[in-house]
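Inside the fold
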Amino acid sequence: MSKKSFSVIILILLSFSIFSKAEVRTEIVLTDYWKFQKGKVEQAYQKDFDDSKWESVTVPHDWAIYGPFDKEIDKQSVAIEQNGEKIAREKTGRTGALPYIGEGWYRNQFTLPDYKKGQKVLIIFDGAMSEPTIYLNGEKVGEWGYGYSYFYFDISKNIIENGKNTLAVHLNNRPMSSRWYPGAGLYRKVRLIIKEDENITQWGTSITTPLITKDMARVNIKTRVNGENLRLETGIFDANGKKVSENSSSTQFGNEFNQNIKLEKPNLWSPETPYLYTALTKLFAGEILKDEVTTKFGVREIKYEATKGFSLNGQVRKFKGVCLHHDLGPLGTAINKSALRRQLTILKDMGCDAIRSSHNMPSLEQLELCDEMGFMFLAESFDEWAKPKVKNGYHLFFDEYAEKDVVNLVQATRNHPCIVMWSAGNEVPDQWGSEGVKRAKWLQEIFHREDPTRPVTVGMDQVKATMSSGFGALLDIPGLNYRVNLYDEAFKVFPQGFILGSETASTISSRGIYKFPVEQFKNKKYDDHQCSSYDLEACSWSNVPDIDFVEQDDKPWVIGEFVWTGFDYLGEPTPYDEVWPSRSSYFGINDLAGLPKDRFYLYRSRWNTKDATLHILPHWNWKGREGQITPVFAYTSYKSAELFVNGESMGIQHKNDSTIQNRYRLMWMNVKYEPGTLKVVAYDNDGKVAATEEIRTAGKPYRIILQPDRSTIKADGNDISFVTVSVVDKNGVPCPTATSQLTFDVTGNAKYRAACNGDATSLELFHLPTMKLFSGKLVVLVQSDTKVGDIKLIVKGKGLKTANLNLKSEK
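Residue positions are given per chain, counted from 1 along the sequence in the order it is written. With pLDDT at 70 or above as the cut-off, local features in this predicted model cover only qualifying residues; side-chain atom pairs require 80 or more to be listed or tallied, and sums for whole chains, interfaces and linings still use all residues. Hydrogens and water are ignored here; the side-chain numbers use all heavy atoms of the structure.

This part is about the overall build of the protein chain. The helix and strand inventory of the protein chain stands at 10 helices and 50 strands. Taking the principal axes of the C-alpha coordinates as reference, the protein chain spans close to 85 × 60 × 55 Å. Put simply, the protein chain has 811 residues, and 63% of those count as buried. Contacts between residues were defined by any pair of non-hydrogen atoms, one from each residue, lying within 4.5 Å. Across the protein chain, contacts joining residues at least 24 apart in sequence account for 68% of those joining residues at least 6 apart. We count a stretch as a helix when DSSP gives it H or I for four or more residues in a row; a strand needs E for two or more, and each element gets its number in order from the N terminus. Partly exposed residues are those whose accessible area sits between 20% and 50% of the maximum for their type, while under 20% is buried and over 50% is exposed, using a 1.4 Å probe and protein chains only.

Moving on to the sheet that holds strand β34 (residues 558-564). Strand pairing follows a simple DSSP-based rule, namely that at least 2 bridges must link the two strands. Here eight strands make up a closed barrel; going around it, the order is β25-β26-β27-β28-β29-β30-β31-β34 and the pairing parallel. Each strand of the sheet is rotated relative to its neighbour by a mean of 25°, with strand direction disregarded. Summarising the sheet, strand β31 (residues 499-505) and β34 pair through four bridges and their orientation is parallel. Bridged to I499 within β34 is V558. Those strands touched by helix α4 (residues 434-450) are β28 (419-426) and β29 (456-460), and its axis lies near 155° from that of β28. Working convention: axes come from line fits to C-alpha atoms, limited for helices to the stretch in contact. Angles between N-to-C directions cover 0 to 180 degrees. Lying on the sheet, helix α9 (residues 598-607) is in contact with β25 (319-324), β31 and β34; it crosses β34 at an angle near 160°.

Right, let's get into the sheet that holds strand β41 (residues 689-696). Read from one edge of the open sheet, four strands run β38-β37-β40-β41, paired in antiparallel fashion. Strand pairing shows two members of the sheet lacking a second neighbour, β38 (648-654) and β41, which therefore form its edges. Ignoring which end each strand starts from, the neighbouring axes of this sheet average 20° apart. Two elements, strand β40 (residues 677-683) and β41, share seven bridges in a ladder whose sense is antiparallel. Opposite T677, over in β41, you have R696 as the bridge partner.

As a further point, take the layout of surface pockets. Only protein atoms enter the 1 Å grid used here, on which a cavity is any set of points holding a 1.4 Å probe that cannot leave and a pocket is any open set flanked by protein within 12 Å on both sides along at least five of seven lines; residues with an atom within 4 Å of a point are listed as lining. Grid points are joined across faces, edges and corners, and a volume is the space filled by probe spheres set on the points. For the second largest pocket, the calculated volume is near 960 Å³. Contributing to the lining of the second largest pocket are 33 residues, with H615, I695, P734, P736 and K777 lying nearest its centre. Taken together, the elements giving at least two residues each to the lining of the second largest pocket come down to α9, β35 (614-617), β41, β42 (703-708) and β44 (720-728). Think of it as three bins: nonpolar holds Ala, Val, Leu, Ile, Met, Phe, Trp, Tyr, Cys and Pro, charged holds Asp, Glu, Lys and Arg, and polar takes everything else, Gly as well. Looking at the lining of the second largest pocket, its residues break down into 16 nonpolar, nine polar and eight charged.

This part takes up the side chain of D291. Looking at the element boundaries, D291 is found in strand β21 (residues 288-297). For D291, a relative accessible area of 0% puts it in the buried group. Among the polar contacts listed, one links the side chain of D291 to the side chain of R25, at a separation of 2.7 Å. Any pair of N or O atoms that falls within 3.5 Å is considered a polar contact. Within protein, one atom must be able to donate a hydrogen and the other to accept it, and sequence-neighbouring residues count only if both atoms are side-chain atoms. Side-chain polar atoms of D291 contact the backbone nitrogen of I200, separated by 2.8 Å. Setting aside residues up to four positions removed in sequence, D291 forms contacts with V24, R25, K195, E198, N199, I200, T281, K282 and L283.

Right, let's get into the packing of helix α1 (residues 337-350) against helix α2 (residues 364-373). Look at α1 against α2: their axes get within 10 Å of each other, and the N-to-C directions meet at 40°. The angle between α1 and α2 falls in the class oblique. In this structure, the crossing between α1 and α2 has a hand that is right-handed. Along the contact surface, α1 presents K337, L340, R341, L344, T345 and K348, while α2 presents E365, Q366, E368, L369, C370, E372 and M373. Among the residues forming the contact of α1 with α2, the class breakdown is five nonpolar, two polar and six charged. Roughly parallel means an angle under 35 degrees; roughly antiparallel, over 145; roughly perpendicular, 65 to 115; everything else is oblique. Helix crossings are classified by the rotation of the near helix relative to the far one: an anticlockwise turn of less than a right angle makes the crossing left-handed, while a clockwise turn makes it right-handed.

This part covers the packing of aromatic side chains. Within 6.5 Å between ring centres, the rings of Phe, Tyr and Trp (the latter by its six-membered ring) count as paired, and their orientation is classed by plane angle as stacked under 30 degrees, edge-to-face over 60, tilted in between. Counted by the stated rule, this structure contains 45 aromatic pairs. Taking the centre distance of 4.8 Å and the plane angle of 40° together, the rings of F36 and Y106 count as tilted. Separated by 70 residues along the polypeptide, F36 in strand β4 (residues 34-38) and Y106 in strand β8 (residues 102-110) bring together distant segments of the chain. Like Y106, F36 is buried. Their ring planes at 80° and their centres at 5.7 Å tell us that W564 and Y569 sit as a pair that is edge-to-face. Pair check on accessibility: W564 and Y569 agree, each one buried. Members of the aromatic cluster, connected to one another through ring pairs, are F125, W144, Y146, Y148, F151, F153, F382, Y394, F397, F398, Y401 and W442. Both a distance and an angle decide whether a charge sits over a ring: NZ of Lys or CZ of Arg must be within 6 Å of the ring centre and within 35 degrees of the ring normal. Over the face of the ring belonging to Y526 we find K515, whose NZ or CZ atom lies 4.9 Å from the ring centre. In this structure, R606 is placed above the aromatic ring of F549, and the distance from its NZ or CZ to the ring centre is 4.1 Å.

The buried fraction of helix α8 (residues 545-554) amounts to seven of the 10 residues, a majority that puts the element mostly inside the structure. Taken residue by residue, α8 has P545, D546, D548, F549, V550, E551 and Q552 as its buried positions. Packed against the buried residues of α8 are α7 (487-493), β31, β34, α9 and α10 (660-664).

As for its position among the elements, R231 is in strand β17 (residues 231-237). Sequence separation between R231 and T251 is 20 residues, and the spatial gap between their C-alpha atoms is 7.5 Å. Look past the residues within four positions of R231 in its chain and what remains in contact with it is S248, S249, S250, F257, K282, L283, F284, G286 and E287. Here the side chain of R231 touches G286 through a polar contact of 2.7 Å, landing on its backbone oxygen.

Before going further, it helps to spend a moment on the pairing of strand β30 (residues 477-481). A large share of β30 lies buried, amounting to five of its five residues. Burial along β30 is two-sided: the residues I477, G479 and N481 and P478 and L480 are all buried. As paired strands, β29 and β30 are joined by four bridges and run parallel to one another. When the sheet's bridge partners are listed, T457 is paired in β30 with I477. Two strands pair when backbone bridges link them, and β30 and β31 are joined in this way by two bridges, in the parallel orientation. Within β31, the position partnered with N481 by the bridge is E503. With the strands pointing away from the viewer, any crossover whose connection runs clockwise from the first strand over the helix to the second is right-handed. In terms of handedness, the path from β30 via α7 over to β31 forms a crossover that is right-handed.

Right, let's get into the confidence of the model for the protein chain. The share of residues in the protein chain with pLDDT of 70 or more is 97%, and the mean pLDDT across the chain is 95. The low-confidence segment residues 1-21 (pLDDT under 50) makes 63 contacts with residues lying over four places distant or belonging to another chain. How sure the predictor is of each residue is captured by pLDDT, a score from 0 to 100.

Here, expected helix span is obtained from the residue count minus one, scaled by 1.5 Å. With 14 residues, α1 should reach 20 Å at 1.5 Å per residue; the first-to-last C-alpha distance of 20 Å fits that figure. For α1, every residue scored as buried is listed here: S338, A339, L340, R342, Q343, L344, I346, L347 and M350. Close packing links the buried residues of α1 with β25, β26 (354-357), α2, α9, β44 and β48 (777-784).

Turning next to empty space enclosed by the protein. Tallied over the full model, the rule gives eight cavities of 30 Å³ or more. In this structure, the largest cavity encloses a volume near 310 Å³. What lines the largest cavity is a set of 24 residues, and nearest its centre among them are Y146, Y148, S177, G393 and Y394. Grouping the constituent residues of the lining of the largest cavity by class yields nine nonpolar, nine polar and six charged.

A word on the pattern of salt bridges. One side-chain nitrogen of Lys or Arg within 4 Å of one carboxyl oxygen of Asp or Glu is enough to make a salt bridge. Summed over all chains, the structure comprises 46 salt bridges. A salt bridge links E380 to R356; the shortest N-O distance between them is 2.9 Å. Of this pair, E380 sits in strand β27 (residues 376-380) while R356 sits in strand β26, and the two are 24 residues apart along the sequence. Residue E380 is classed as buried on the basis of its relative accessible area, which comes to 0%. Linking R663 and D554 is a salt bridge whose minimum nitrogen-to-oxygen distance equals 2.6 Å. With R663 in helix α10 and D554 in helix α8, this pair connects stretches of sequence that are 109 residues apart.

Following this line, the structure appears as structure tokens:
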């Protein structure tokens, strides 16, 4: 943005918005003073409709996250074919057991104080769940089908120039329209853009770097415009704001400028060095500035080559990736950048370097953070094509919207250097038959037309079918979801010369819960509806992490993996989707609250090559198991370690190839429980002590401990401090089995936003200021307001010493 650009927060009549103004272009983010009503309201589109009794909300907003949980909501009788099920059974909690189904209305009034007749006004939705119909001043502007799509409409002819404009949005969420919690409402940003009639089109800038050497890079910038006899000036600025190159062009190819700009000694973008440049593009008619757009981009080279695999900037590497659903746990689907940043910070510490947006278009905020923090991105589009998985899924919209949705996905996001691959679909039933092959080819060609620089994949689970039909052979990248037993055969049959683990593992576990005996199980179920955190349990169709590790380590033609999933998510509570209560997943490496499970450290021990890992499990509070076999595992980046129980050595274990688990875990299988202290001493390659870790048996819970991820947050009304709450005994030893009921109170310049304990069976509502600990922990979310100042969080529990935490907010 130019030096004359600025960003302020203003109050425009009844609409509180973020208002960003360049010299000729204005962007207004419609944030506050929305009115919301769930249900059918016949006349709510009308300009003068009385919405005074409706609920006041801010956008982004998810109307369903406030509950209550109810097993009858979206109860589905279905056979999940991709899981190998043949007989339809009743599924509860599949979509989170939250009230997302039904109609809803949003209304907002705004004025455009600087609007001049003849200007263009666009309204842009980053996502609206679902089937949005848009009205302005009582007139229908347009409609869309897919709740995950970005879309916009030109509303210039509907604008009232010197008065209030009334925006109304109708949404409709059908039952049996999703396989996970989709959320409900205007869950992403709504924006207005006001610009001159001669302008740069929406998403009209495309930046690529087709030539890169150590000394220079050719930056190609294609810019689509409205108007003729125009001039385009583009300056490129480095990360410090210094102009490092520029170009001016008066040559239009139809409605497009095509500039090639030389960049000296470029800084390359990668997960390790996520360097970003900014292009400032200005459009002139004669000497009059008509429009300007800023675009962040990175200089990087991606290649996918037979036998060699994937390379970034000339360096061969494998994706260390995770799949993420779009919900943010206790916040639901309402987008929040601080929550996204926290997720990525946790994953970065694990050594993760790639994200797959499963199974839909990612939020723009997530992509911005991946650019900034250094994550490669697999941007997915659809979970269905023309054949259904659920009764009211995307297949209803495929024929009409698929091309438009792909075009919008690519044009809106193509300048993000983090995106290194597109996905046209996930486990689509169209994998069977010739029509599916044609659809795969058609979609891939749309991606190629819109972006010739990135390859396309599909997450395939019907691998045998795609081998025989040619479906897998035509894809740029054959993505296999699970099916590790078919990797070798697929590599021989498919012509690409490599395989991607587009979805892997689906190991199931509950944080801090351990089951005995310790054995590998498929689809194991327990009376408490939890899964063992020894990380040896999977579904009938999935596997434990170690099996994927072998494929990644031993086969150079396997180019990486995307683990299902980085975090637990609402809905899909496999293997407990036929029992109640259970309303969220067990697949996550981190739980729904964002607290690491033991599995986090197993992946960290492999993926984080900068920092050492040493982690012990299980906890050591096992009253009633005295003298019984209680195996101890260590997840570590070191090759050997020695275990001590109350000072007595249980021997040294070395990673070895005797079993798959022994290759990646250190395991003492015959330890008998006795209260006291577990100590693991890790040794380096020379046999010297490199690290130690201890776990002690805790006494009775005594005191509450509060640990914020950040003590200072921004006073912007959106920033959040995530406070981990735990309890310790009188000696400060963590109490890993505590289930105390706690209450929360926030005073000062913030509010209590939500809490989450990671328990998939809990029916406590996130937004109420009380919750039980689960496995001794939970997380409280403290959200800033718009005033700078002091914040205090007070957490209380019966029989526990109260905890106080001082935070602050600043501009």
